[in-house]
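# Architecture at a glance
Here are the chains, one letter per residue:
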Amino acid sequence: MEITGGDNNSCNLQPDDEMVDETTKRLKRLGAEPAVIGEVTRTVAVGPLEKILNLGRANSFWPLGFGLACCAIEGLMGSNTARFDLSRFGYEVMRASPRQADVMLVCGTVTKKAAPFVVRLYEQMPDPKYVIAMGSCAISGGPFVDSYNVVPGVDQLIPVDVYLPGCPPRPDATIHAFMKLKEKILNPEVVKK
Amino acid sequence: MTVQTISEVKTEIIAKYPQIELSEAGHFFVPVSQLADIMLDLKVSFGFDFLTNLTAVDHVEHFNVVYNLSKTTGPEMLHIITKVDRNEPKVPSMVPIWGGAVWQERETYDLVGIIFTGHPNLKRILLDDNWEDHPLRRDFQWEGGRD
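Predicted model only: the values in this text are computed from it and were never measured.

### So, the overall build of chain A
Helix and strand counts for chain A stand at eight helices and four strands. When the elements of chain A are put in sequence order from the N terminus, they spell out α-α-α-β-α-β-α-β-α-β-α-α. With respect to the three principal axes, the spread of C-alpha positions in chain A is 70 × 35 × 30 Å. For chain A, with 193 residues in total, the buried portion stands at 33%.

So this is what it looks like as C-alpha coordinates:
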(Lines give C-alpha, C1' and ligand atoms only; values in the text may rest on other atoms or scores of the structure.)
Protein backbone atom coordinates (compact mmCIF):
# COMPACT_ATOMS: atom_id res chain seq x y z
CA MET A 1 0.00 0.00 0.00
CA GLU A 2 1.25 3.43 -0.87
CA ILE A 3 1.93 5.87 1.92
CA THR A 4 -0.01 9.07 1.42
CA GLY A 5 1.08 11.90 3.61
CA GLY A 6 -0.89 14.78 2.19
CA ASP A 7 0.65 18.18 2.67
CA ASN A 8 4.06 17.56 4.19
CA ASN A 9 4.53 21.02 5.58
CA SER A 10 1.48 21.07 7.80
CA CYS A 11 1.72 19.73 11.30
CA ASN A 12 -0.91 17.05 10.55
CA LEU A 13 -3.52 18.72 12.73
CA GLN A 14 -5.97 19.05 9.85
CA PRO A 15 -9.75 18.94 10.47
CA ASP A 16 -10.01 15.44 9.01
CA ASP A 17 -7.34 14.11 11.31
CA GLU A 18 -8.48 11.41 13.68
CA MET A 19 -6.96 13.25 16.64
CA VAL A 20 -9.15 16.26 15.90
CA ASP A 21 -12.16 13.96 15.57
CA GLU A 22 -11.40 12.47 18.94
CA THR A 23 -11.10 15.92 20.52
CA THR A 24 -14.41 17.02 19.01
CA LYS A 25 -16.11 13.87 20.24
CA ARG A 26 -14.88 14.40 23.78
CA LEU A 27 -15.86 18.06 23.79
CA LYS A 28 -19.36 17.14 22.58
CA ARG A 29 -19.63 14.61 25.37
CA LEU A 30 -18.84 17.40 27.82
CA GLY A 31 -21.70 19.42 26.29
CA ALA A 32 -19.57 22.20 24.83
CA GLU A 33 -21.01 24.81 22.45
CA PRO A 34 -20.06 24.42 18.73
CA ALA A 35 -18.19 27.75 18.86
CA VAL A 36 -16.15 26.51 21.82
CA ILE A 37 -15.46 23.21 20.05
CA GLY A 38 -14.18 25.07 17.00
CA GLU A 39 -11.98 27.30 19.12
CA VAL A 40 -10.53 24.49 21.23
CA THR A 41 -9.81 22.08 18.36
CA ARG A 42 -7.70 24.75 16.72
CA THR A 43 -5.15 24.52 19.52
CA VAL A 44 -5.79 21.28 21.42
CA ALA A 45 -5.77 17.73 20.11
CA VAL A 46 -6.33 14.54 22.08
CA GLY A 47 -4.78 11.32 20.89
CA PRO A 48 -2.84 8.22 21.85
CA LEU A 49 0.51 8.96 23.49
CA GLU A 50 2.42 6.97 20.85
CA LYS A 51 0.89 9.06 18.11
CA ILE A 52 1.84 12.32 19.82
CA LEU A 53 5.37 11.02 20.38
CA ASN A 54 5.58 10.04 16.71
CA LEU A 55 4.52 13.56 15.74
CA GLY A 56 7.44 14.89 17.76
CA ARG A 57 9.86 12.35 16.40
CA ALA A 58 8.86 12.90 12.79
CA ASN A 59 9.12 16.68 13.01
CA SER A 60 12.47 16.97 14.77
CA PHE A 61 15.04 14.43 13.65
CA TRP A 62 18.45 14.78 15.18
CA PRO A 63 20.77 13.33 12.55
CA LEU A 64 24.13 11.92 13.49
CA GLY A 65 26.84 14.03 11.87
CA PHE A 66 28.55 11.04 10.36
CA GLY A 67 30.07 11.01 6.88
CA LEU A 68 31.94 8.12 5.33
CA ALA A 69 32.57 9.51 1.85
CA CYS A 70 31.57 12.11 -0.71
CA CYS A 71 27.81 11.74 -0.08
CA ALA A 72 28.34 13.50 3.25
CA ILE A 73 29.09 16.70 1.35
CA GLU A 74 25.67 16.63 -0.31
CA GLY A 75 23.68 14.98 2.44
CA LEU A 76 25.01 16.59 5.58
CA MET A 77 26.68 19.79 4.38
CA GLY A 78 24.89 20.76 1.15
CA SER A 79 21.41 20.18 2.48
CA ASN A 80 22.21 22.38 5.49
CA THR A 81 23.31 25.35 3.42
CA ALA A 82 21.14 28.41 2.86
CA ARG A 83 20.01 27.25 -0.59
CA PHE A 84 18.38 24.04 0.65
CA ASP A 85 18.11 24.74 4.38
CA LEU A 86 17.21 21.48 6.06
CA SER A 87 16.36 23.44 9.21
CA ARG A 88 13.09 24.54 7.58
CA PHE A 89 11.87 21.06 8.49
CA GLY A 90 13.48 20.91 11.92
CA TYR A 91 16.09 18.34 10.94
CA GLU A 92 19.22 20.44 11.22
CA VAL A 93 20.44 19.50 14.70
CA MET A 94 23.51 17.50 13.73
CA ARG A 95 24.79 15.65 16.74
CA ALA A 96 28.41 14.73 17.17
CA SER A 97 27.51 11.91 19.54
CA PRO A 98 25.36 8.91 18.57
CA ARG A 99 23.84 8.95 22.06
CA GLN A 100 22.02 12.19 21.21
CA ALA A 101 21.00 11.30 17.65
CA ASP A 102 18.06 9.38 16.26
CA VAL A 103 18.71 9.33 12.50
CA MET A 104 21.84 7.90 10.96
CA LEU A 105 22.55 8.99 7.41
CA VAL A 106 24.97 6.44 6.05
CA CYS A 107 26.68 8.75 3.58
CA GLY A 108 29.05 6.79 1.41
CA THR A 109 30.98 3.59 0.90
CA VAL A 110 31.15 1.28 3.88
CA THR A 111 34.48 -0.54 3.81
CA LYS A 112 35.03 -3.73 5.72
CA LYS A 113 37.44 -1.85 7.92
CA ALA A 114 34.72 0.71 8.69
CA ALA A 115 31.93 -1.84 9.19
CA PRO A 116 32.58 -2.53 12.91
CA PHE A 117 32.32 1.12 13.89
CA VAL A 118 29.26 1.76 11.72
CA VAL A 119 27.50 -1.02 13.65
CA ARG A 120 28.90 0.30 16.92
CA LEU A 121 27.62 3.82 16.26
CA TYR A 122 24.22 2.44 15.33
CA GLU A 123 24.07 0.41 18.52
CA GLN A 124 25.01 3.44 20.61
CA MET A 125 22.02 5.42 19.32
CA PRO A 126 19.01 5.40 21.65
CA ASP A 127 15.71 3.92 20.48
CA PRO A 128 13.73 4.82 18.42
CA LYS A 129 16.38 5.11 15.73
CA TYR A 130 16.21 5.28 11.97
CA VAL A 131 18.70 4.74 9.17
CA ILE A 132 18.82 6.38 5.75
CA ALA A 133 21.13 4.62 3.29
CA MET A 134 22.33 7.49 1.14
CA GLY A 135 23.85 6.98 -2.30
CA SER A 136 24.58 3.94 -4.44
CA CYS A 137 27.46 2.80 -2.24
CA ALA A 138 25.45 2.62 0.96
CA ILE A 139 22.55 0.94 -0.84
CA SER A 140 24.46 -1.79 -2.64
CA GLY A 141 28.18 -1.08 -2.77
CA GLY A 142 27.75 1.03 -5.90
CA PRO A 143 30.63 0.95 -8.38
CA PHE A 144 32.81 -0.71 -5.72
CA VAL A 145 30.55 -3.72 -5.21
CA ASP A 146 33.14 -6.15 -6.57
CA SER A 147 35.94 -4.78 -4.43
CA TYR A 148 37.59 -6.96 -1.83
CA ASN A 149 37.18 -4.32 0.87
CA VAL A 150 33.66 -2.96 0.41
CA VAL A 151 30.49 -4.07 2.17
CA PRO A 152 27.86 -4.54 -0.59
CA GLY A 153 25.16 -2.43 1.01
CA VAL A 154 24.85 -1.14 4.56
CA ASP A 155 21.67 -3.20 5.00
CA GLN A 156 23.96 -6.19 5.46
CA LEU A 157 25.01 -4.60 8.74
CA ILE A 158 22.09 -2.56 10.11
CA PRO A 159 18.37 -2.24 9.28
CA VAL A 160 17.67 0.54 6.76
CA ASP A 161 14.45 2.59 6.73
CA VAL A 162 14.88 4.71 3.62
CA TYR A 163 17.01 4.02 0.53
CA LEU A 164 18.10 7.19 -1.21
CA PRO A 165 19.60 6.47 -4.66
CA GLY A 166 22.03 8.73 -6.49
CA CYS A 167 25.74 9.15 -6.91
CA PRO A 168 25.62 11.38 -4.96
CA PRO A 169 21.96 12.33 -4.44
CA ARG A 170 21.25 16.04 -4.64
CA PRO A 171 20.51 17.89 -1.39
CA ASP A 172 16.85 18.18 -2.34
CA ALA A 173 16.80 14.39 -2.73
CA THR A 174 18.18 14.18 0.79
CA ILE A 175 15.33 16.38 1.99
CA HIS A 176 12.92 14.08 0.15
CA ALA A 177 14.40 11.10 1.99
CA PHE A 178 13.78 12.88 5.29
CA MET A 179 10.19 13.59 4.23
CA LYS A 180 9.68 9.92 3.36
CA LEU A 181 11.05 8.94 6.75
CA LYS A 182 8.66 11.41 8.34
CA GLU A 183 5.73 9.79 6.50
CA LYS A 184 6.92 6.41 7.63
CA ILE A 185 7.00 7.45 11.27
CA LEU A 186 3.61 9.19 11.10
CA ASN A 187 1.97 6.12 9.56
CA PRO A 188 3.18 3.13 11.60
CA GLU A 189 0.11 1.08 10.74
CA VAL A 190 0.87 1.47 7.02
CA VAL A 191 4.49 0.48 7.57
CA LYS A 192 3.47 -2.68 9.45
CA LYS A 193 1.53 -3.86 6.38
CA MET B 1 73.49 28.94 -1.41
CA THR B 2 74.67 27.43 -4.64
CA VAL B 3 71.90 26.53 -7.04
CA GLN B 4 72.24 23.11 -8.65
CA THR B 5 70.05 21.64 -11.34
CA ILE B 6 68.58 18.23 -10.74
CA SER B 7 70.90 16.67 -13.31
CA GLU B 8 73.91 18.08 -11.47
CA VAL B 9 72.56 16.64 -8.23
CA LYS B 10 72.09 13.28 -9.90
CA THR B 11 75.59 13.33 -11.37
CA GLU B 12 76.99 14.13 -7.95
CA ILE B 13 75.07 11.26 -6.36
CA ILE B 14 76.21 8.81 -9.04
CA ALA B 15 79.82 9.96 -8.58
CA LYS B 16 79.57 9.33 -4.85
CA TYR B 17 77.77 5.98 -5.17
CA PRO B 18 78.81 4.16 -8.34
CA GLN B 19 76.68 1.14 -7.38
CA ILE B 20 73.54 3.19 -8.14
CA GLU B 21 72.14 2.54 -11.59
CA LEU B 22 70.48 5.46 -13.39
CA SER B 23 67.69 4.39 -15.72
CA GLU B 24 66.72 6.17 -18.94
CA ALA B 25 63.71 7.68 -17.26
CA GLY B 26 66.00 9.20 -14.63
CA HIS B 27 65.17 6.76 -11.83
CA PHE B 28 67.82 5.51 -9.43
CA PHE B 29 68.06 1.77 -8.98
CA VAL B 30 69.64 1.09 -5.61
CA PRO B 31 70.60 -2.38 -4.33
CA VAL B 32 68.67 -3.39 -1.21
CA SER B 33 71.85 -4.06 0.78
CA GLN B 34 72.94 -0.40 0.61
CA LEU B 35 69.49 1.20 0.62
CA ALA B 36 69.50 2.34 4.26
CA ASP B 37 72.97 3.96 4.07
CA ILE B 38 72.32 5.71 0.77
CA MET B 39 68.91 6.99 1.83
CA LEU B 40 70.33 8.39 5.07
CA ASP B 41 73.08 10.13 3.10
CA LEU B 42 70.55 11.52 0.60
CA LYS B 43 68.77 13.14 3.51
CA VAL B 44 71.84 14.32 5.44
CA SER B 45 74.24 15.34 2.66
CA PHE B 46 71.93 16.11 -0.24
CA GLY B 47 69.03 17.63 1.68
CA PHE B 48 66.21 15.35 0.52
CA ASP B 49 64.33 15.81 3.76
CA PHE B 50 60.86 14.78 2.66
CA LEU B 51 59.59 11.35 1.67
CA THR B 52 56.77 12.29 -0.68
CA ASN B 53 55.60 8.82 -1.51
CA LEU B 54 56.44 5.22 -0.86
CA THR B 55 54.90 2.38 -2.78
CA ALA B 56 55.67 -0.95 -4.37
CA VAL B 57 55.03 -2.48 -7.78
CA ASP B 58 54.60 -6.15 -8.54
CA HIS B 59 56.64 -7.14 -11.62
CA VAL B 60 55.78 -10.85 -11.21
CA GLU B 61 59.46 -11.93 -11.04
CA HIS B 62 60.31 -9.36 -8.42
CA PHE B 63 58.90 -6.40 -6.53
CA ASN B 64 60.02 -2.81 -7.01
CA VAL B 65 59.82 -0.67 -3.93
CA VAL B 66 59.56 2.94 -5.05
CA TYR B 67 60.55 5.97 -2.98
CA ASN B 68 59.85 9.51 -4.11
CA LEU B 69 62.03 12.02 -2.32
CA SER B 70 61.75 15.77 -2.40
CA LYS B 71 63.10 18.82 -0.63
CA THR B 72 61.28 21.33 1.48
CA THR B 73 63.94 23.86 0.43
CA GLY B 74 63.84 23.36 -3.32
CA PRO B 75 62.03 21.87 -6.28
CA GLU B 76 64.20 18.77 -6.81
CA MET B 77 62.67 15.31 -6.70
CA LEU B 78 64.32 11.91 -6.79
CA HIS B 79 62.79 8.58 -7.68
CA ILE B 80 64.55 5.73 -5.94
CA ILE B 81 63.68 2.17 -6.87
CA THR B 82 64.94 -0.97 -5.22
CA LYS B 83 64.34 -4.49 -6.46
CA VAL B 84 63.43 -7.14 -3.95
CA ASP B 85 63.09 -10.85 -4.27
CA ARG B 86 59.50 -12.01 -4.57
CA ASN B 87 59.99 -14.91 -2.19
CA GLU B 88 61.63 -12.82 0.49
CA PRO B 89 60.34 -9.25 0.07
CA LYS B 90 62.30 -7.55 2.80
CA VAL B 91 63.61 -3.99 2.77
CA PRO B 92 64.93 -1.90 5.66
CA SER B 93 62.40 0.48 7.16
CA MET B 94 62.77 4.21 6.43
CA VAL B 95 61.07 5.22 9.67
CA PRO B 96 64.34 6.15 11.43
CA ILE B 97 65.16 8.51 8.52
CA TRP B 98 61.74 9.94 7.64
CA GLY B 99 59.15 9.58 10.39
CA GLY B 100 56.37 9.98 7.87
CA ALA B 101 57.17 6.57 6.46
CA VAL B 102 55.27 4.84 9.28
CA TRP B 103 51.85 4.75 7.63
CA GLN B 104 53.18 4.54 4.07
CA GLU B 105 55.14 1.43 4.93
CA ARG B 106 52.15 -0.05 6.71
CA GLU B 107 50.06 0.57 3.60
CA THR B 108 52.65 -1.00 1.32
CA TYR B 109 52.89 -3.98 3.64
CA ASP B 110 49.11 -4.22 3.71
CA LEU B 111 48.51 -4.11 -0.04
CA VAL B 112 51.67 -5.60 -1.58
CA GLY B 113 53.16 -7.53 1.31
CA ILE B 114 56.60 -5.94 1.50
CA ILE B 115 58.15 -6.56 4.91
CA PHE B 116 59.91 -3.50 6.28
CA THR B 117 62.49 -4.70 8.77
CA GLY B 118 62.85 -2.42 11.77
CA HIS B 119 59.40 -0.85 11.41
CA PRO B 120 58.00 -0.03 14.86
CA ASN B 121 54.44 -1.19 14.19
CA LEU B 122 54.14 -3.21 11.01
CA LYS B 123 50.50 -4.26 10.89
CA ARG B 124 47.63 -3.78 8.47
CA ILE B 125 46.30 -0.27 8.06
CA LEU B 126 43.55 -0.29 5.39
CA LEU B 127 42.29 -3.84 5.41
CA ASP B 128 40.70 -5.88 8.13
CA ASP B 129 43.18 -7.27 10.67
CA ASN B 130 42.06 -10.83 9.89
CA TRP B 131 42.75 -10.47 6.17
CA GLU B 132 45.08 -13.12 4.79
CA ASP B 133 46.38 -11.97 1.39
CA HIS B 134 47.89 -8.87 -0.20
CA PRO B 135 45.41 -7.60 -2.81
CA LEU B 136 47.73 -5.56 -5.05
CA ARG B 137 49.85 -8.59 -5.88
CA ARG B 138 49.42 -9.85 -9.42
CA ASP B 139 48.51 -13.37 -8.31
CA PHE B 140 45.74 -12.14 -6.00
CA GLN B 141 42.37 -13.63 -6.85
CA TRP B 142 39.13 -12.31 -5.41
CA GLU B 143 35.76 -13.91 -5.78
CA GLY B 144 32.89 -12.39 -3.96
CA GLY B 145 31.48 -8.97 -3.38
CA ARG B 146 27.93 -9.01 -4.61
CA ASP B 147 25.55 -11.76 -3.51
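### Let's talk about the overall build of chain B
Check the secondary structure of chain B and you find three helices and seven strands. When the elements of chain B are put in sequence order from the N terminus, they spell out α-β-β-α-β-β-β-β-α-β. In terms of principal-axis extent, the alpha carbons of chain B reach across some 60 × 30 × 25 Å. Counting every position in chain B, which comprises 147 residues, the buried fraction comes to 21%. The contacts in chain B between residues at least 6 apart in sequence include a share of 43% that link residues at least 24 apart.

### A closer look at unusual backbone geometry
Following Asp127 of chain A, the chain continues into Pro128 of chain A via a peptide bond in cis, with omega recorded as -5 degrees. Positionally, Pro128 of chain A belongs in the loop between helix 5 (115–124) and strand 3 (130–134). The residue after Cys167 of chain A, namely Pro168 of chain A, is reached through a cis peptide bond having omega -10 degrees. Of note, the phi angle at Val60 of chain B is positive, near 65 degrees, even though the residue is not glycine. Inspection of the secondary structure puts Val60 of chain B in the loop between strand 3 (50–58) and strand 4 (62–70). Judged by local crowding, Val60 of chain B falls into the exposed class, with 9 C-beta atoms found within 10 Å.

### Details of the nonpolar core
If you look at the biggest cluster of nonpolar residues, it comprises 39 residues, and the most contacted ones within it are Met104, Leu105, Val106, Cys107, Ile132, Ala133 and Met134 of chain A. Residue assignment for this core shows that the elements contributing at least two residues are helix 4 (71–77), strand 2 (103–107), strand 3, helix 6 (135–140), strand 4 (162–164) and helix 7 (171–186) of chain A. Broken down by element, the residue count for this core peaks at six residues, all from helix 7 of chain A. Those residues within four positions of Leu105 of chain A in sequence are excluded, and the remaining contacts are Pro63, Phe66, Gly75, Leu76, Ile132 and Met134 of chain A. With 13 residues, the next largest nonpolar core counts Leu51, Leu69, Leu78 and Ile80 of chain B among its residues.

### Topic: the interface of chain A and chain B
The interface is formed by nine residues belonging to chain A together with eight residues belonging to chain B. Among the residues forming the side of chain A that touches chain B, the class breakdown is three nonpolar, three polar and three charged.

### Remarks on the sheet that holds strand 4 of chain A
All names here are of chain A. Spatial ordering of the open sheet is given by 1-2-3-4, a layout of four strands whose pairing is parallel. Edge strands, defined here as strands with exactly one partner in the open sheet, are strand 1 (63–64) and strand 4. Pairing of strand 2 with strand 3, which is carried by five bridges, proceeds in the parallel orientation. Bridge pairing links Cys107 to Met134 in strand 3.

### Quick word on the sheet that holds strand 1 (residues 21–22) of chain B
All names here are of chain B. Read from one edge to the other, the open sheet built from five strands follows the order 1-2-5-4-3, with strand pairing classed as mixed. One side of each edge strand has no neighbouring strand; the edge strands of this open sheet are strand 1 and strand 3. Pairing analysis gives two bridges linking strand 1 to strand 2 (residues 28–29), with the strands arranged antiparallel. Counterpart to Leu22 in the pairing with strand 2 is Phe28.

### What about the domain arrangement of chain A?
For chain A, the assigned domains are domain 1 (1–47) and domain 2 (61–185 + 187–191). For domain 1 of chain A versus domain 2 of chain A, the distance between C-alpha centres works out to 34 Å.

### What to know about the pairing of strand 2 of chain A
Residue and element names in this part refer to chain A. A large share of strand 2 lies buried, amounting to five of its five residues. Pairing analysis gives two bridges linking strand 1 to strand 2, with the strands arranged parallel. Looking at strand 2, one finds that Pro63 is bridged to Val103. Running through helix 4, the crossover from strand 1 to the neighbouring parallel element strand 2 is left-handed. With helix 5 bridging strand 2 and its parallel neighbour strand 3, the resulting β-α-β unit is right-handed.

### Details of the pairing of strand 3 of chain B
Direction of pairing for strand 3 of chain B relative to strand 4 of chain B: antiparallel, over a ladder of eight bridges. When the bridges of strand 4 of chain B are listed, Thr55 of chain B appears paired with Val66 of chain B.

### Overview of the environment of Ser97 of chain A
Residue and element names in this part refer to chain A. The topology assignment puts Ser97 in the loop between helix 4 and strand 2. Looking at Ser97, the number of C-beta atoms within 10 Å reads 11, which means it is exposed. The spacing of Ser97 and Phe66 is 31 residues in sequence and 9.3 Å in space, taken between C-alpha atoms.

Reading the values: rules and limits
- Residues numbered from 1 in each chain as written.
- Chains lettered and ligands numbered in written order.
- Predicted model: local features only at pLDDT ≥ 70, side-chain atom pairs only at ≥ 80, totals over all residues.
- Helix = DSSP H or I, 4+ residues; strand = E, 2+ residues; numbered from the N terminus.
- Buried ≥ 20, exposed ≤ 12 C-beta atoms within 10 Å, placed from the backbone.
- Contact = placed C-beta atoms within 7 Å.
- Core = buried A, V, L, I, M, F, W, Y, C linked by C-beta atoms within 7 Å.
- Nonpolar A, V, L, I, M, F, W, Y, C, P; charged D, E, K, R; others polar.
- Pairing = 2+ DSSP bridges.
- Domains from an automatic or database assignment.
- Right-handed = clockwise from strand over helix to strand, strands pointing away.

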